[in-house]
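Residue-level listing of the chains:
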Amino acid sequence: MSINDELIWQQLNGQFCSFKAKVQTQNFCRNEMNVTGLCNKSACPLANSRYATIREIDGRCYLMVKTIERAHLPSRLWQKIRLPRNYAAALSKVTEELEHFPKYLQHRNKQRLTRIHQYLMRMRKLALRSRPTLTTVKKKVEIGRA
C-alpha cells in the first residue's frame, strides 16, 4: 500500500465513507467492487490503488482490475477482463492475471469466482426446469356464468 492509499484509508475510516454500513458487531461495505463485503483496509476498493474483483454481468463472469495508470480517467479506471465459462479455465485465467497481486486478494477473488460460478450453474439449471403456468381467474366472468 502506498502513502497515498494510506491517507485515503485514514480519511475513509476515520471520517466518512458513503459505502460504510455500521452494524453492532462489525462494519460492512456496500461498494459493488468490494471483494469481501467487509469494510477494512485490505478489502477497500477506494483505498487500494492496486485492486481486483470478480463481477457477474448478464450471466458472464468478468475480472475487474483497477490500474494505477488510469486514475486520471475515472470512467476507464477498471479494466474488464472476460473470463471463460469453464470453471477451471476461468480459475487459471484469474491466477495468471493476478500473479503480482497480494495473496489475500488472489485468494478472495478465487473464492468469489467459485461462489458466482455455483449460483450461475444453479440459475441455468432452474431455467431448464419446466414450471407450471399460473392462470388468473376473473371473478366477474366466473360469477356471471353461475
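See above for the structure.
The rules we used
Numbering of residues starts from 1 in each chain and follows the order in which that chain's sequence is written. Under the rules for a predicted model, residues below a pLDDT of 70 receive no local features and side-chain atom pairs below 80 are neither given nor counted, while totals for whole chains, interfaces and linings still include all residues. Working from all heavy atoms in the structure, the side-chain values ignore hydrogens and water. In this text, helices come from DSSP runs of H or I with a minimum length of four residues, and strands from runs of E with a minimum of two, each type numbered from the N-terminal end. Burial status follows relative accessibility: with a 1.4 Å probe on protein chains alone, a residue under 20% of its type maximum counts as buried, one over 50% as exposed, and anything between as partly exposed. Any Lys or Arg side-chain nitrogen located within 4 Å of an Asp or Glu carboxyl oxygen qualifies as a salt bridge. Ring pairs are drawn from Phe, Tyr and Trp, using the six-membered ring of Trp, whenever the two centres fall within 6.5 Å, and their geometry is named by plane angle: stacked under 30 degrees, edge-to-face over 60, tilted for the rest. Remark: a charge is flagged as sitting over a ring if the NZ atom of Lys or the CZ atom of Arg is within 6 Å of the ring centre and within 35 degrees of the ring normal. Should DSSP find at least two bridges between two strands, the strands are taken to pair. For helices, the fitted line uses only the C-alpha atoms of the stretch in contact; every axis is such a line through C-alpha atoms, and the angle between N-to-C directions lies from 0 to 180 degrees. Contact criterion: two residues are considered in contact whenever any of their non-hydrogen atoms come within 4.5 Å of each other.

**A few points about the environment of Arg108**
Position of Arg108 among the secondary structure elements: in helix H3 (residues 103-128). On the accessibility criterion, Arg108 (31% relative accessible area) is partly exposed. For the pair Arg108 and Ile54, spaced 54 residues apart in sequence, the C-alpha to C-alpha distance is 9.4 Å.

**Concerning the pattern of salt bridges**
Per the counting criterion, the structure on display carries 2 salt bridges. We note a salt bridge from Arg55 to Glu32, for which the minimum N-O separation is 3.6 Å. In this pair, Arg55 is assigned in strand E3 (residues 51-57) and Glu32 in the loop between strand E2 (27-29) and E3, connecting sequence segments 23 residues apart. We classify Glu32 as exposed; its relative accessible area is 51%. For the salt bridge of Glu97 with Lys93, the shortest nitrogen-to-oxygen distance reads 3.9 Å. Highlighted residues: Glu97 and Lys93, both in helix H2 (residues 87-97), separated by 4 residues, approximately one helical turn.

**Comments concerning the packing of aromatic side chains**
A full pass over the atoms with the stated rule returns 1 aromatic pair. A ring pair is formed by Tyr51 and Trp78, whose centres lie 6.2 Å apart and whose planes are at 85°; its orientation type is edge-to-face. Residue Tyr51 is found in strand E3, and its partner Trp78 is found in strand E5 (residues 78-82); the two are separated by 27 residues along the sequence. For Tyr51, a relative accessible area of 0% corresponds to the buried category. Over the ring of Phe101 we find Arg50; its NZ or CZ atom is 4.1 Å from the centre of that ring. Lying across the ring of Tyr62, Lys80 places its NZ or CZ 4.7 Å from the centre.

**Here's the deal with the sheet that holds strand E4 (residues 60-66)**
A sheet is described by the order of its strands in space; here 3 strands give the open sequence E3-E4-E5, paired in antiparallel fashion. If you trace the sheet from one side to the other, it starts and ends with E3 and E5, each paired once. Ignoring which end each strand starts from, the neighbouring axes of this sheet average 30° apart. Bridge analysis of E3 against E4 gives 7 bridges, and the strand direction is antiparallel. Residue pairing for E4: Ile54 is matched across the bridge by Leu63. The sheet contacts of H3 involve E3 and E4, and relative to E3 the element is tilted by about 5°.

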